[in-house]
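# Summary of the model geometry
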Amino acid sequence: MYNEKDTVAVNALRALSVEQIEQANSGHPGLPLGAAPMAYAVWAGHLNVNPAVTDWVNRDRFILSAGHGSALLYSLLHLSGFDVTLDDLKSFRQLGSRTPGHPEVNHTPGVEVTTGPLGQGIAQAVGFALAETHAAALYNTDEYPVIDHYTYALISDGDLMEGISYEACSFAGHNKLDKLIAVYDSNDISLDGDLDMAFNEDIKQRFEAQNWHYQLVEDGNDLDAIHQAIEAAKQHKGQPSLIEIKTVIGYGSPDQGTSKTHGAPLGEENWGVTREFLKWTQNTFEITPEIHATYKERVIDRGQAKYNEWMEMYQAYKVAHPELAETLEIAFRRELPADYDAALTFAMPDTKADATRSSSGKVLNQLAESIPFLWGGSADLAGSNKTTISSSGDYSPAAPGERNLWYGVREFAMAAIMNGAMLHGGTRIFGGTFFVFSDYLKPAVRLSALSQIPAIYVLTHDSIAVGEDGPTHEPIEQLAAFRAMPNLNVIRPADYNETLVGWKIAVESKDRPTLLVLTRQNVPVLEHSAEYAEEGVRRGAYIASPAQSGHGEGILIAAGSEVALAIEAQSKLREEGIDVSVVSMPAENRFAEQDAAYQESILPSDVTRRVAIEMGATYGWHKYTGLNGAVIGIDRFGASGKGEEVVEHFGFTADNIVSTYKKLK
């Protein structure tokens with residue numbers, strides 16, 4: 001299939017990639033020089049994309065999990081007709097450029113996913129492949145397979161050493177995601193030196209044990225062999241595919257096959273030697289018309305033809321199934337059905353007290369009735385997290401249209417899979433675990449926020465009230481840590497009504513992930529939350545229980561279950577003739593985004609006697625209490641015992657709040 005013009009096209013990728021790195025005097029030339037043939041084989045022989053319509057819902061997805069090789073991806077995008085210019089390549093790794101050091105979704109046309117930290121790329125690729133199966137089940141008909149494509153991931157030794165790759169690949173194999181194809185740049189070198197100093201697994205046995213189809217290509221420059229392996233992977237059903245391709249890092253350079261080429265420019269002299277080896281005679285950043293013609297034929301024209309063929313089918317689909325088509329388009333735009341929240345109603349104060357995790361489960365099930373593409377699950381804690389959609393069965397290879405996912409005890413992979421699924425589009429996905437285990441998934445939440453992915457995290461058992469399980473299961477510093485993260489909603493609701501609004505914020509979001517941080521213990525419905533929560537939670541904070549006269553002489557500020565405790569303390573203070581208001585602050589980040597006038601209306605600057613109450617680290621609360629205020633929190637690890645006794649032991653009582661307030665000057 002391939003000939004000399006393809007060899008030249010591969011070397012164009014190598015040259016453009018190295019020239020970007022030399023121009024920037026920064027980057028990773030080893031991977032582009034070694035892995036260019038496998039990337040070209042995917043793009044030129046298999047990848048169906050249309051650079052003129054980058055959001056085509058049925059395009060194949062290509063994920064460069066080894067994101068340090070970004071120069072290779074930018075070269076591919078430029079040569080394949082995407083809006084990535086030579087000037088963009090020339091500004092590689094420069095401030096403000098569209099070609100940053102690692103690929104960033106929403107930043108560079110054609111980049112599907114942000115892949116910086118190793119391992120998260122392959123895990124997100126699993127999410128893409130998972131979402132493809134579910135979207136196909138939701139939207140396809142026998143006559144119109146409008147969702148039918150592949151996910152390709154270029155992965156590295158570093159990806160496979162990261163623990164998340166075990167979690168994600170185990171999940172993919174168990175769920176038989178056979179439209180996921182990983183090409184593995186197996187070069188036996190890591191950043192520090194020879195790979196066998198740290199990693200010598202039998203990859204074949206490892207992946208076959210995880211129910212993957214495995215192939216080996218012994219010569220990473222053999223385009224035909226790579227092409228045939230990809231074709232065989234596409235024909236193989238019932239398993240995802242790994243193609244191990246033996247390559248030479250820094251191929252053609254004087255230091256090829258060593259870690260010296262991994263993460264530093266070659267330098268002018270070594271690049272000159274490499275150019276001679278590759279028989280590359282063009283000037284710097286020069287691409288001949290013949291090379292452009294090869295990419296036009298191999299990638300652009302083929303992708304355009306596939307797109308036109310699909311569009312013809314889709315137009316007929318829209319006529320035959322207008323409601324399905326409308327739902328598909330709404331979902332891929334990250335929108336919601338009209339009046340999706342019509343059935344949601346606020347609870348009244350006389351409603352029986354309940355844990356906010358239970359409130360969350362009730363709201364979730366109501367939303368699932370009106371949002372047919374809402375799905376998700378838990379990291380083996382669905383019964384505790386209340387994340388089961390009762391009207392649906394369990395997702396499986398035999399039932400991909402069902403909506404309850406079994407992520408297994410794979411918190412990190414769960415979060416990364418959610419990112420990939422959301423970036424694929426067509427569904428809204430959530431995942432749950434205990435809040436203290438958010439430490440396991442935090443790096444993927446960070447990519448959610450960085451990538452503007454509106455994933456939904458249901459995090460329960462939010463405080464020391466967990467009790468008997470003890471310090472390992474009692475979150476302390478997690479709230480402060482997540483509140484410090486940019487572009488992340490951290491919502492800790494105080495009751496059913498705040499939980500309801502939190503869910504609405506989560507499903508309505510188009511570009512920001514949401515953490516719903518929920519109680520295990522029961523909390524009452526606040527007296528005024530049915531009236532105030534809709535606006536109050538959306539704006540991050542509100543006066544949950546007003547003072548009797550104006551703003552009162554002081555303010556109690558709390559979040560979550562501690563709001564009801566603050567209101568109890570407010571009553572005790574009133575008995576002593578002390579008039580204070582209680583502010584519920586379920587979403588500090590959203591309150592910080594409000595204008596000064598709103599902030600002043602909730603926390604008047606002339607009311608300086610303030611106490612903040614939260615069963616977590618005090619870090620961050622002093623911003624709202626000021627120098628004259630106090631914070632009742634926990635700056636040590638928790639303790640094991642009955643939940644109510646642990647709570648009292650750490651001072652979370654109305655009497656302690658009263659005492660603390662009265663000590664203020």
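Small disclaimer: the values here were computed from a predicted structure and weren't measured.

This next bit is on the packing of aromatic side chains. Inspection of the entire model under this criterion finds 21 aromatic pairs. Summarising the aromatic geometry, the rings of F434 and F437 are spaced 5.8 Å apart at their centres and angled 25° between planes, so their arrangement reads as stacked. Among the residues examined, F437 registers a relative accessible area of 18% and is labelled buried. With a centroid separation of 6.2 Å and an interplanar angle of 25°, the aromatic rings of F437 and Y440 are classed as stacked. Owing to a relative accessible area of 52%, Y440 belongs among the exposed residues under this scheme. Members of the aromatic cluster, connected to one another through ring pairs, are W56, Y144, Y307, W310, Y314 and Y317. One cation-aromatic arrangement involves R206 over Y166; the distance from NZ or CZ to the ring centre is 3.7 Å. We note R539 situated over the ring of Y598; from NZ or CZ to the ring centre the distance is 3.8 Å.

For the rest of this paragraph, the subject is the pattern of salt bridges. For the coordinates displayed, the defined rule picks out 31 salt bridges. Put simply, R492 and E562 hold a salt bridge, and the shortest N to O gap is 2.7 Å. Of this pair, R492 sits in the loop between β11 (489-491) and α18 (496-508) while E562 sits in helix α20 (residues 562-575), placing them 70 residues apart in sequence. E562 matches R492 in its accessibility class, with the two residues each being buried. A salt bridge links E614 to R492; the nearest nitrogen and oxygen atoms lie 3.2 Å apart. Here R492 lies in the loop between β11 and α18 and E614 lies in the loop between β17 (610-613) and α23 (622-625), a separation of 122 residues in the sequence. One exposure class covers both E614 and R492, and it is buried. Counted as one network, the salt bridges with shared partners bring together D341, K504, E508, E534 and R538.

Now for the domain arrangement of the protein chain. Once the domains are mapped, the protein chain shows domain 1 (4-306), domain 2 (356-517) and domain 3 (541-663). Using C-alpha coordinates to define each centre, domain 2 is positioned 27 Å away from domain 3. Taken together, the 24 residues of domain 2 in the interface contact 32 residues of domain 3. For the domain 2 and domain 3 pair, buried surface summed over both sides reaches about 2100 Å², with 51% attributable to carbon and sulfur atoms. Area buried by domain 2 at its contact with domain 3 is led by I464, I476 and R492, which between them contribute 30% of it. If you look at where domain 2 meets domain 3, you find 4 salt bridges. A salt bridge links R512 to E593; its shortest N-O distance comes to 2.7 Å. Inspection of the region where domain 2 meets domain 3 yields 16 residue pairs in polar contact (both at pLDDT 80 or more). Looking at the side of domain 2 that touches domain 3 residue by residue, the class counts come to 13 nonpolar, 4 polar and 7 charged.

Cut-offs and rules
Residues numbered from 1 in each chain as written. Predicted model: local features only at pLDDT ≥ 70, side-chain atom pairs only at ≥ 80, totals over all residues. Heavy atoms only, no water. Phe/Tyr/Trp six-rings, centres within 6.5 Å; stacked < 30°, edge-to-face > 60°. Buried < 20%, exposed > 50% of the residue type's maximum accessible area, 1.4 Å probe, protein only. Lys NZ or Arg CZ within 6 Å of the ring centre and 35° of its normal. Salt bridge = Lys/Arg side-chain N within 4 Å of Asp/Glu carboxyl O. Helix = DSSP H or I, 4+ residues; strand = E, 2+ residues; numbered from the N terminus. Domains from an automatic or database assignment. Contact = heavy atoms within 4.5 Å. Buried area = accessible area lost by both parts, 1.4 Å probe. Polar contact = N/O pair within 3.5 Å; in protein donor to acceptor, adjacent residues only side chain to side chain. Nonpolar A, V, L, I, M, F, W, Y, C, P; charged D, E, K, R; others polar.

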